[in-house]
Amino acid sequence: MNITKKDLNLLLVFHVLYQERNASLAAERMALSQPALSHKLNKLRHQFGDPLFVRAPRGLTPTPRAHELAPKVQSLVGELEAFYDLCDGRDFLARAERLHLYSTDYMEQTLLPGLLPILRSQAPNLVLITHNTRGQLPREELEKGTCDLAIAGFYTDLPDTFHQQRLLSEDFVVLASRENAHLAHGMDLNAFLACEHLLTTLTGDLDGLVDRALQARGLSRRIAAGLSSFIAPTRLIRGTDLLLTCLRSLAEEAVERDPDLHMHPLPVALPRIELMQIWHERTDADRLRRWFRQQVQRVADSLQR
């Protein structure tokens, strides 16, 4: 096979089409007209002897041959981009860009105190913008590129085009006021159910992990309020008979801040929460975003030591 007879620019066309799965979005991203993109796609099909991308109700669907080629093409394009960055003498940490992080107020409180000083010192032209994930995977935003990274512990059923990495693992505890009359003899299931509860709900649903575990035993608890924040409920427990089931790090921070609060073991068995960072393959090879993910992981690692 003679490489001089190959149009290597077509690899980038393939890469973008595979990421976007939409001819119009791919053309816009590459600053090409629709006819020009169609011409290049026809050349791609001829070069590989396969349709590669076929029309579907919502854009384009890759063929099995395209799925086979995609990891190799992604690697090649990433290496070429890194090569030209070095050749041009550009420092990716000097790029003036905005990075969009979708997460929760809990993760902002946990990660940003360690993360922001790193960004300010090493990537001073970078602006970080956070968004509330609202209890759902920001799939469309990740696919469109308006979300660079999503972090939470409730993302499931990820598409094949998404990558994930574990950041933190936490268990649940119960936060209560030391004045809670129901806990005079300590925390057990009866005392737990005798109290009213606060919970965090990002979707408005009051059927949380604790409630489902109780329902499996034919039990239920009384909910006083559902809040859209992880942090605010920890400030509403003082001097009340309310309980809050929350992640251990939130409870530890609250107890350190307020001597009236006390942390108890949860009398209901719940699995640990695995907090993950999620990104789309479109940003997997980008040097700045890869560096950003590495710093997030570095800060998360420091919190578990």
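Structure: above.
Anyway, here's the lowdown on the structure attached to this text. The shown structure was predicted, so the numbers you read here are calculated from the model rather than taken from an experiment.

1. Observations regarding the side chain of R221
1) Next: Here R221 is to be found in the loop between α8 (209-215) and β9 (222-227).
2) Next: Judged by relative accessible area, R221 falls into the buried class, the value being 11%.
3) Next: A distance of 3.4 Å separates the side chain of R221 from the side chain of H197, its partner in a polar contact.
4) Next: At a separation of 2.9 Å, a polar atom in the side chain of R221 contacts the side chain of D211.
5) Next: Contact partners of R221, with chain neighbours within four places excluded, come to F192, L193, H197, L199, V210, D211, L214 and T245.

2. Digging into the packing of aromatic side chains
1) Next: Per the stated rule, a full pass over the model turns up 4 aromatic pairs.
2) Next: Between the aromatic rings of F14 and F53, the centroid separation amounts to 5.4 Å while the plane-to-plane angle is 55°, which identifies the pairing as tilted. With F14 in helix α1 (residues 9-20) and F53 in strand β1 (residues 53-56), this pair connects stretches of sequence that are 39 residues apart. Comparing F14 with F53 shows no difference in burial state: the two are buried.
3) Next: Aromatic ring contacts, followed pair by pair, group F14, Y18 and F53 into a single cluster.

3. Re the sheet that holds strand β7 (residues 172-177)
1) Next: Strand order in this open sheet of 5 strands is β9-β8-β10-β7-β11, and the pairing throughout is mixed. Where the open sheet ends on each side, the last strands, each with one partner, are β9 and β11 (261-265). Direction aside, the axes of adjacent strands within the sheet are offset by 30° on average.
2) Next: Alignment of β7 against strand β10 (residues 242-247), held across 5 bridges, turns out to be antiparallel. Each bridged residue has a counterpart across the sheet, and for F172 the counterpart in β10 is L247.

4. Quick word on the sheet that holds strand β12 (residues 273-280)
Strand pairing in a sheet takes place through backbone hydrogen bonds and is either antiparallel or parallel in direction.
1) Next: Strands sit in the order β4-β3-β5-β12-β6 across an open sheet of 5 strands; the sheet is mixed. The strands lining the two open edges of the sheet, one partner per strand, are β4 (127-132) and β6 (162-170). On average, adjacent strands in this sheet sit at an angle of 20° to one another, irrespective of strand direction.
2) Next: In this structure, strand β3 (residues 98-103) lies alongside strand β5 (residues 149-152), joined through 2 bridges in parallel fashion. For Y102, the partnering residue across the bridge sits in β5 and is A150.
3) Next: Contacts between helix α5 (residues 105-122) and the sheet are confined to β3, β4, β5, β6 and β12, with β4 contributing the most and set at about 175° to the helix.
4) Next: Running at roughly 15° to β6, helix α10 (residues 287-303) makes contact with β3, β4, β5, β6 and β12 of the sheet.

5. What to know about the environment of S38
1) Next: For S38, the location among the structural elements is in helix α3 (residues 34-48).
2) Next: Put simply, S38 and P271 are 233 residues apart on the chain and 50 Å apart in space, counted from C-alpha to C-alpha.

6. Side note on the nonpolar core
1) Next: F192, W291 and F292 are the most contacted members of the largest nonpolar core, which totals 57 residues.
2) Next: No other element matches the 7 residues that α5 contributes to this core.
3) Next: Not counting the four nearest positions on each side in its chain, F292 is found in contact with L99, L115, L119, L128 and L149.
4) Next: If you look at the next biggest cluster of nonpolar residues, it comprises 20 residues, including L11, V13, V16 and A27.

The rules we used
Residues numbered from 1 in each chain as written. Predicted model: local features only at pLDDT ≥ 70, side-chain atom pairs only at ≥ 80, totals over all residues. Heavy atoms only, no water. Helix = DSSP H or I, 4+ residues; strand = E, 2+ residues; numbered from the N terminus. Buried < 20%, exposed > 50% of the residue type's maximum accessible area, 1.4 Å probe, protein only. Polar contact = N/O pair within 3.5 Å; in protein donor to acceptor, adjacent residues only side chain to side chain. Contact = heavy atoms within 4.5 Å. Phe/Tyr/Trp six-rings, centres within 6.5 Å; stacked < 30°, edge-to-face > 60°. Pairing = 2+ DSSP bridges. Axes fitted to C-alpha atoms, helices over the stretch in contact; angles between N-to-C directions. Core = buried A, V, L, I, M, F, W, Y, C linked by side-chain atoms within 4.5 Å.

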